[in-house]
Amino acid sequence: MKVLILFGTRPEAIKMAPLIKCLQRNSDVQSIVCSTGQHREMLDQVLQLFSIEVDHDLDVMTAGQTLNGLFARLLGRIDSLLDSTQPDCVLVHGDTTSAAACAMAAFQRGIAIGHVEAGLRTGDMAQPFPEEMNRRVVDVMARWLFAPTATSRGNLLRENLQGDIFITGNTVIDALDLVVEKLATEPETTQRLARRYPWLDGERRLVLVTGHRRENFGEGFRQICEALRTLGQRGDIQIVYPVHLNPNVRNVVLDLLCDQPNVHLINPLDYVEFVWFMQRAHLVLTDSGGVQEEAPHLGKPVLVMRNTTERPEAVAAGTVKLVGTDAQTIVQAVGLMLDDRDLYAQAARSANPYGDGKASERIVAALLARNFSPFQQEGLMLYKS
Ligand code: UD1
Ligand code: UDP
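Residues numbered from 1 in each chain as written. Chains lettered and ligands numbered in written order. Predicted model: local features only at pLDDT ≥ 70, side-chain atom pairs only at ≥ 80, totals over all residues. Heavy atoms only, no water.

Here we take up the side chain of Asp139. As for its position among the elements, Asp139 is in helix H5 (residues 131-141). Residues contacting Asp139, with those up to four places away along its chain left out, are His115, Ala118, Gly119, Arg121, Leu145, Leu156 and Leu161. (Helix = DSSP H or I, 4+ residues; strand = E, 2+ residues; numbered from the N terminus. Contact = heavy atoms within 4.5 Å.)

Below you can see the structure in the form of structure tokens.
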């Protein structure tokens, strides 16, 4: 089976990397690895980490790209690639413009589509924007729907889609487990990281922040920064914020927070570094999708600066709480988590609702029409075949 695997952003690369490795180990699969290059700088470190060689780089990124400009560039370049490589199927991930454009190009050529991380829904087309639309259109076109959890399978069933649904777990846990293992077994790596960040203060609890959602551009980010300025006044914490390279995020955050001594604004971290920071964090404050899946696996409470989430499993498990983007609400929620020991202890219980490290194996088995046991959320019987 000739499989073209496509990714273009940092989270897609992280989540597709273990699957690519798994496909490459299988002699029944001929894999073609394609990066759209939607993210330039943030991708390369992930590929290096997992020793992935890209066969085709579509190099679509431009500074300050618009969604339509990006979509148009993607569609043309992916179409030529499909023409020259003639795959039996394409695998796309999640909800990005890269995924939607690739699925559309494949569909119009009659090429089968596998959707990794299918079935996530907020039910609100404006949040996250445009991701909720992207993942819906990919699911409509897909032949294989790789749902990470029983909840995502339920969402797909309600939509009466034509593709076959498989519960696989999320490949992000496969990737995270590999990095956790690396950090546990390579003392030279952790020593190097400790040397690189000598200003990390072991006496103050670490609040790790990420934020980049399009619907938070403008007022949302101003509120988030105001909350961080207020929280930065506390002497018992230190805030570390690796700032996304999108100028709509970067310009506002650097402008509003650069003079705050207790808020460390740093460049995006490579994946090993970011996992190391998550392990050290007391609390994570984010609007990211992937971080909502990873932090619970590491037993770290997460406050999500959004009004909705397509990942309700960790909210139900009590490790994730939605706090929106109002500055006062964020300050209150962080304060509670820092000061109420019982609340913190409850939220800091490690939960694995998203995966068991075997999602990639299941996806390859499903593609090759082989039997496998679906992913089951710990302690729950979620799926009956
Ligand atoms: C994209 C995805 C989003 C995903 C996020 C992960 C879409 C619609 N959005 O949003 O779903 O959660 O990536 O990070 O696909 N830039 C660089 N270098 C990089 C990356 C970005 O300079 O390595 C800058 C460029 O100016 C680029 C801009 O960021 O034009 C925006 O990047 P883009 O991919 O359009 O959107 P994101 O907001 O990153
Ligand atoms: N991440 C990273 N370095 C950072 C911030 C995040 O490697 O500085 C990782 C994080 O662990 C997760 C992924 O990037 O796996 C999330 O990416 P992002 O927040 O950009 O996108 P989303 O998950 O919201 O689509």
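There's more to say after this.
Surveying the vicinity of ligand 2 reveals 15 residues, the closest of which are Leu269, Ser288, Gly289, Gly290 and Glu294. Contact distances for ligand 2 include 2.9 Å between an oxygen atom and a side-chain N or O atom of Arg10. Measuring from a nitrogen atom of ligand 2, one finds a backbone N or O atom of Leu269 at 2.8 Å. Burial of ligand 2 by the protein chains amounts to 94% of its free accessible area of 540 Å². Those elements that provide at least two residues to the shell around ligand 2 are helix H1 (10-24), helix H11 (271-280) and helix H12 (289-297). A total of 4 residues in the shell around ligand 2 trace back to one element, the largest contributor, which is H12. Here the shell around ligand 2 is built from residues that sort into 8 nonpolar, 4 polar and 3 charged. (Near = heavy atom within 4 Å. Polar contact = N/O pair within 3.5 Å; in protein donor to acceptor, adjacent residues only side chain to side chain. Areas by Shrake-Rupley, 256 points an atom, 1.4 Å probe, with all protein chains shown as cover. Nonpolar A, V, L, I, M, F, W, Y, C, P; charged D, E, K, R; others polar.)

Counting buried positions over the 9 residues of H12 gives 9, a clear majority of the element. Every buried residue belonging to H12 is among Gly289, Gly290, Val291, Gln292, Glu293, Glu294, Ala295, Pro296 and His297, and all of these are buried. The N-capping residue of H12, defined by a side-chain oxygen 3.3 Å from the backbone nitrogen of Gly290, is Ser288. Following H12 by one or two positions, Gly299 has its phi on the positive side, about 75°. (Buried < 20%, exposed > 50% of the residue type's maximum accessible area, 1.4 Å probe, protein only.)

Another point: H1. Because an α-helix completes one turn every 3.6 residues, residues spaced three or four positions apart along the sequence face the same direction. Helix length check: H1, at 15 residues, gives a terminal C-alpha distance of 21 Å against a target of 21 Å (1.5 Å per residue), a fit within 8%. Judged by how many residues are buried, H1 sits mostly within the fold: 11 of 15 residues are covered. Buried within H1 we find Glu12, Ala13, Ile14, Lys15, Met16, Ala17, Pro18, Leu19, Ile20, Cys22 and Leu23. (Expected span 1.5 Å × (residues − 1).)

So, on to the pairing of strand E7 (residues 164-167). Two faces make up the sheet, and in a regular strand the side chains alternate between them. With 4 bridges joining them, strand E6 (residues 144-147) and E7 adopt parallel strand pairing. Paired with Ala147 across the two strands is Ile167, which belongs to E7. This β-α-β element, E6 to helix H6 (residues 150-158) to E7, shows right-handed connectivity. (Pairing = 2+ DSSP bridges. Right-handed = clockwise from strand over helix to strand, strands pointing away.)

The environment of ligand 1 is made up of 25 residues, and the closest members are Gln38, His39, Glu41, Glu131 and His244. Glu41 places a side-chain nitrogen or oxygen 2.7 Å from a nitrogen atom of ligand 1. Isolated, ligand 1 exposes 750 Å² of accessible area, and the fraction of that covered by the protein chains is 95%.

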